[in-house]
Amino acid sequence: MQCYLEILKKYAVFKGRESRRTFWYFVLFNCIFSLIIYFIDKILHSDILSTFYSLAVFLPHLGASIRRLHDINKSGWWVLLAYIPLPFVLIVIPLYFVSRIAVLLGLLLIMLLCVASVIWLIVLEATPGTPGENKYGEPV
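Residues numbered from 1 in each chain as written. Predicted model: local features only at pLDDT ≥ 70, side-chain atom pairs only at ≥ 80, totals over all residues. Heavy atoms only, no water.

Participant: How should I be thinking about the pattern of salt bridges in this particular structure?
Facilitator: Counted by the stated rule, this structure contains 6 salt bridges. Salt-bridge contacts for Glu18 lead to Lys10; the nearest nitrogen and oxygen are separated by 3.4 Å. Owing to a relative accessible area of 1%, Glu18 belongs among the buried residues under this scheme. The exposure class assigned to Lys10 is partly exposed, which follows from its relative accessible area of 22%. Where Asp71 meets Arg68, a salt bridge forms, and the shortest distance between an N and an O atom there is 2.6 Å. (Salt bridge = Lys/Arg side-chain N within 4 Å of Asp/Glu carboxyl O. Buried < 20%, exposed > 50% of the residue type's maximum accessible area, 1.4 Å probe, protein only.)

Below, the structure is given as structure tokens:
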């Protein structure tokens, strides 16, 4: 829980490094809190709490991911890898007027690209940090 709060305190800090332990404990507690809020929303027949929670932790999670990549001596721009397939949706949507099969195949391809990019980011974020100082600073 301390790791979760530590990352929340660095709300929009994108410089420096983040340890693997702190990052993954943040992810764990984030998943637990998301599930709890999801079930509360289902009881209330609403999505408002989930929406607010997602918006509230977006920047801390983005900052933690960037700092985690800095810890393995990679640029924080690698985080954008997960968002690269999304613009392809704009290409696939007009295909609906040509062929519904083309739309389904296009959406399947986008989904596979999203899954592959997220898996690659998980591999990068699970990689041990570089020992000692790197170009992003001292280890934490």
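Participant: Can you walk me through a nonpolar patch on the surface in this structure?
Facilitator: Where nonpolar side chains cluster on the molecular surface, the patch consists of Tyr25, Leu28, Ile32, Ile36, Ile40, Ile43, Leu44, Ile48, Leu49, Phe52 and Leu55 and spans about 1,100 Å² of accessible area. Of all elements in the fold, only helix 2 (20-44) and helix 3 (48-71) reach the threshold of two or more residues within the nonpolar patch. The leading source of residues in the nonpolar patch is helix 2, at 7 residues. Looking at where Phe52 falls in the secondary structure, it is placed in helix 3. (Patch = residues over 30% accessible without salt bridge, like charges linked within 9 Å, V, L, I, M, F, W, Y side chains within 5 Å. Areas by Shrake-Rupley, 256 points an atom, 1.4 Å probe, with all protein chains shown as cover. Helix = DSSP H or I, 4+ residues; strand = E, 2+ residues; numbered from the N terminus.)

Participant: I tried to follow the side chain of Ser117 on my own but got confused; where do I start?
Facilitator: Counting through the fold element by element, Ser117 comes out in helix 5 (residues 100-126). Owing to a relative accessible area of 7%, Ser117 belongs among the buried residues under this scheme. Engagement of the side chain of Ser117 in a polar contact is seen with the backbone oxygen of Cys114, the distance being 2.9 Å. (Polar contact = N/O pair within 3.5 Å; in protein donor to acceptor, adjacent residues only side chain to side chain.)

Participant: Looking at this structure, I do not really get the nonpolar core. What am I missing?
Facilitator: Most often, soluble globular proteins keep nonpolar side chains buried together rather than apart. By size, the foremost hydrophobic cluster in this structure holds 10 residues: Tyr4, Ile7, Phe23, Phe26, Val27, Phe29, Ile37, Tyr53, Val57 and Ala64. Of all the secondary-structure elements, those providing two or more residues to this core are helix 1 (2-9), helix 2 and helix 3. It is helix 2 that contributes the most residues to this core, 5 residues altogether. Aside from chain neighbours lying at most four places away, what touches Phe23 is Ile7, Glu18, His61, Ala64, Ser65, Arg68 and Glu125. In terms of nonpolar packing, the next biggest core, distinct from the first, is built from 8 residues, Leu62, Leu69, Val79 and Leu124 among them. (Core = buried A, V, L, I, M, F, W, Y, C linked by side-chain atoms within 4.5 Å. Contact = heavy atoms within 4.5 Å.)

Participant: Honestly, the layout of surface pockets in this entry has me stumped. Any pointers?
Facilitator: To locate leftover empty space, one rolls a probe as large as a water molecule over the atoms. By volume, the largest pocket is sized at about 530 Å³. Around the largest pocket sit 20 residues that line it, and Asn30, His61, Ser65, Tyr83 and Glu125 are the ones nearest its centre. Breaking the lining of the largest pocket down by element, the ones donating at least two residues are helix 2, helix 3 and helix 5. Ranked by residues supplied to the lining of the largest pocket, first place goes to helix 3 with 7 residues. The residue makeup of the lining of the largest pocket, split by class, is 14 nonpolar, 5 polar and 1 charged. Taken as a whole, the second largest pocket spans an internal volume of roughly 150 Å³. Together, Leu62, Ile66, His70, Gly76, Trp77, Val79, Leu80 and Tyr83 line the second largest pocket. Residues that form the lining of the second largest pocket fall into these classes: 6 nonpolar, 2 polar and no charged. (1 Å grid on protein atoms, 1.4 Å probe; cavity = no way out; pocket = protein on both sides within 12 Å on 5 of 7 lines; lining within 4 Å. Points joined across faces, edges and corners; volume = space filled by probe spheres on them. Nonpolar A, V, L, I, M, F, W, Y, C, P; charged D, E, K, R; others polar.)

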